[in-house]
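Architecture at a glance
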Amino acid sequence: WYEKGHGSLNLYEALERSCNVYFYNLGARLTPEDISHYAHELGLGEKMGFEMTNMTQGLVPNSEWKQKRMHQPWYQGETLSFAIGQSYLLVSPIQILRLTATIAKNGQRVEPRLLLEKPMGRHVKIGIHEKNLKAIRQGMLQVVESEYGTGQLARVDFGKIAAKTGTAQVPPKKAHGWMTGYFPADNPKIAFVVFVEHGGSGGIAGAYVVKSMLQTWRQDVAKVV
């Protein structure tokens, strides 16, 4: 999206600037099975223990799925688009919320719930090394707090936000805008997902909503305290 090009980037900067090309290159070093495995570890493509029984579990593809579903082999070019969340991948906002909360909790996965009275359920430790989750958290912090981050418009003056912006293409219409994250970055109390239908860039439409939401959340917390 940046016409001048980002130049050489590390993982933190690629997350910070939402550079698809970095993740295309990463995807080229992986297989669809690699990506699918860790997507499932993070709860994508999995049923949720949620009060609503009609929720879709989404779709995390791999080469076996494509052969069964379409009677075609998996092509390497499809792995590149899969690596940035496109291809045949299907997720819901609540699944992204669970994924984000898992990252915030350093690999402890807890099922979301609608009712406070409902038991939290068993904490599940996912099979991803903590140092890798730490790297993702650092990149998400830079998304909002660095001078090049795509989520700068979400900044607030009462704490640091860790987040990731996203833009879901739906041609010929205007793209959907995503933003997910947690706050405060150093001691998470809340995870969030914003999805703005046909809102364009997540770093604009989504970020404004996140900022307003966190300001309201802080006011509500202050009233309780």
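Shown above is the structure to which this text applies.
Before going into details, it helps to say that this report is about the structure given with it. Please read these numbers as outputs of a predicted model, since none were measured by experiment.

Conventions used here
Residues numbered from 1 in each chain as written. Predicted model: local features only at pLDDT ≥ 70, side-chain atom pairs only at ≥ 80, totals over all residues. Heavy atoms only, no water. Helix = DSSP H or I, 4+ residues; strand = E, 2+ residues; numbered from the N terminus. Buried < 20%, exposed > 50% of the residue type's maximum accessible area, 1.4 Å probe, protein only. Contact = heavy atoms within 4.5 Å. Expected span 1.5 Å × (residues − 1). Pairing = 2+ DSSP bridges. Axes fitted to C-alpha atoms, helices over the stretch in contact; angles between N-to-C directions. Patch = residues over 30% accessible without salt bridge, like charges linked within 9 Å, V, L, I, M, F, W, Y side chains within 5 Å. Areas by Shrake-Rupley, 256 points an atom, 1.4 Å probe, with all protein chains shown as cover. Salt bridge = Lys/Arg side-chain N within 4 Å of Asp/Glu carboxyl O.

Topic: the side chain of Arg17
By secondary structure assignment, the location of Arg17 is in helix α1 (residues 11-17). A relative accessible area of 14% places Arg17 in the buried class. With sequence-adjacent residues up to four places away left out, Arg17 is seen in contact with Trp1, His6, Leu9, Tyr148 and Thr150.

Details of helix α6 (residues 93-104)
Here α6 spans 16 Å end to end across 12 residues, near enough to the 16 Å set by a 1.5 Å rise per residue. A large share of α6 lies buried, amounting to nine of its 12 residues. Those residues of α6 that fall on the buried side of the exposure criterion are Ile94, Gln95, Ile96, Arg98, Leu99, Thr100, Thr102, Ile103 and Ala104. Looking at the buried positions of α6, the neighbouring elements they touch are β1 (108-109), α7 (130-145), β4 (176-183) and β5 (190-196). Where α6 ends, the next residue or the one after it, Asn106, has phi of about 60°, a positive value.

Looking at the sheet that holds β5
Strand order in the open sheet made by the three strands is β3-β4-β5, with antiparallel pairing throughout. Every other strand in the sheet has two partners, leaving β3 (162-168) and β5 as the edge strands with one partner each. Across this sheet, the average inter-strand angle for adjacent strands is 10°, counted without regard to direction. Relative to β5, β4 runs antiparallel, the two being bridged by seven bridges. Across the sheet, the residue bridging to Phe183 is Ile190, located in β5. Along the sheet, α7 makes contact with β3 and β4, crossing β3 at roughly 75°.

Side note on a nonpolar patch on the surface
Among the surface-exposed residues, Leu153, Ile204 and Tyr208 lie close enough to one another that they form a single nonpolar patch of about 290 Å² accessible area. Among the structural elements, Tyr208 can be located in helix α8 (residues 202-224).

All we've got here are geometric facts, nothing functional implied.
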